[in-house]
Amino acid sequence: MGDMTEDSAEFIDRVRVLRDEVLATAEHGDRDPPGAEVFEALLRALQIGGDSLASGLDLGLHDAVTRRLAWGDSEEVLLADAEMVFDRIMTATERAFREPADRMVIVEAATQVAVTVARVVSLAAVQRAARDRAARLREEMAQRQLKDVIGKQRASLMRLEYETRTDQE
């Protein structure tokens, strides 16, 4: 499906028709339903043959997943949305496409999209863990410095107290 032919354009249009069913758009009204970015990435993968997804270069999907993480969606929610879209596209594909070769193209593209989502989410989780660890180390260092300062202040107070007592005697 690398080159966009008349047949492949028709094929992609047949998959595009499944969008409302796969994303259950009626349940979400005017808002973008969860997993919309996954479905759009599937359409892009079918359009270009999945080559950009195989190498992990679907920047649109990467940006969409990263944006959702930045807006507070958890890794679990993103993975669940991708899994939901994958499951629903598999069901819809079984019903809408009779040719096994057509279904395999969709299964392969959907798998590549799901793997790409998992890769982006896992990289984000690793980066978050690294930031959390760095923050924890900074906090520990600040606590040690605070203990040192308090220890020095305590020593100064004890010295001043001792000097004050000796001066009064």
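See the structure shown above.
Report follows, based on the coordinates.

Parameters at a glance
Residues numbered from 1 in each chain as written. Predicted model: local features only at pLDDT ≥ 70, side-chain atom pairs only at ≥ 80, totals over all residues. Heavy atoms only, no water. 1 Å grid on protein atoms, 1.4 Å probe; cavity = no way out; pocket = protein on both sides within 12 Å on 5 of 7 lines; lining within 4 Å. Points joined across faces, edges and corners; volume = space filled by probe spheres on them. Helix = DSSP H or I, 4+ residues; strand = E, 2+ residues; numbered from the N terminus. Core = buried A, V, L, I, M, F, W, Y, C linked by side-chain atoms within 4.5 Å. Buried < 20%, exposed > 50% of the residue type's maximum accessible area, 1.4 Å probe, protein only. Contact = heavy atoms within 4.5 Å. Salt bridge = Lys/Arg side-chain N within 4 Å of Asp/Glu carboxyl O. Expected span 1.5 Å × (residues − 1). Axes fitted to C-alpha atoms, helices over the stretch in contact; angles between N-to-C directions. Parallel < 35°, antiparallel > 145°, perpendicular 65-115°, else oblique.

## As for the layout of surface pockets
Part 1 of the argument: A volume near 190 Å³ is recorded for the largest pocket.
Part 2 of the argument: Lining the largest pocket, in full, are His62, Thr66, Leu69, Ala70, Glu75, Val120, Leu123, Ala124, Gln127, Arg128 and Arg131.
Part 3 of the argument: Residue assignment for the lining of the largest pocket shows that the elements contributing at least two residues are helix H5 (59-70) and helix H7 (100-168).
Part 4 of the argument: The dominant element in the lining of the largest pocket, judged by the number of residues it contributes, is H7, at six residues.

## Observations concerning the nonpolar core
Part 1 of the argument: Counting residues in hydrophobic clusters, the biggest one holds 32 residues, and the most contacted among them are Val15, Val22, Phe39, Leu42, Val65 and Ile89.
Part 2 of the argument: Contacts of leucine 42, omitting those with residues within four sequence positions, involve Val15, Ile89, Ile106, Ala109, Ala110 and Val113.

## Some points on empty space enclosed by the protein
Part 1 of the argument: Inspection of every chain in the model, using the stated rule, returns one cavity of 30 Å³ or more.
Part 2 of the argument: The computed volume of the largest cavity comes to approximately 60 Å³.
Part 3 of the argument: Those elements that place two or more of their residues in the lining of the largest cavity are helix H3 (36-48), helix H6 (75-96) and H7.
Part 4 of the argument: Per element, the largest residue contribution to the lining of the largest cavity is four residues, and it comes from H6.

## Looking at the pattern of salt bridges
Pairs can form between side chains of opposite charge once their charged atoms are near each other.
Part 1 of the argument: The final tally for this structure, using the stated rule, is 11 salt bridges.
Part 2 of the argument: Note that glutamate 75 is salt-bridged to arginine 128, the shortest N-O span being 3.0 Å. Here arginine 128 lies in helix H7 and glutamate 75 lies in helix H6, a separation of 53 residues in the sequence.
Part 3 of the argument: Overlapping salt bridges, with partners in common, bring together Glu37, Arg68, Asp73 and Asp81 in one network.

## Observations regarding H6
Part 1 of the argument: Spanning 22 residues, H6 covers 31 Å between terminal C-alpha atoms, matching the ideal 32 Å at 1.5 Å per step.
Part 2 of the argument: Every buried residue belonging to H6 is among Glu75, Leu78, Asp81, Ala82, Val85, Ile89, Met90, Ala92 and Thr93, and all of these are buried.
Part 3 of the argument: Residues of H6 that are buried in the fold lie against helix H2 (19-23), H3, H5 and H7.

## Digging into the packing of H3 against H5
Part 1 of the argument: Orientation of H3 relative to H5, taken along the N-to-C sense of each, is 175°, at an axis distance of 9 Å. By the angle between their directions, the pair H3 and H5 is classed as roughly antiparallel. Across the interface between the two elements, Glu37, Val38, Ala41 and Arg44 from H3 touch Gly60, Leu61, Ala64 and Arg68 from H5.

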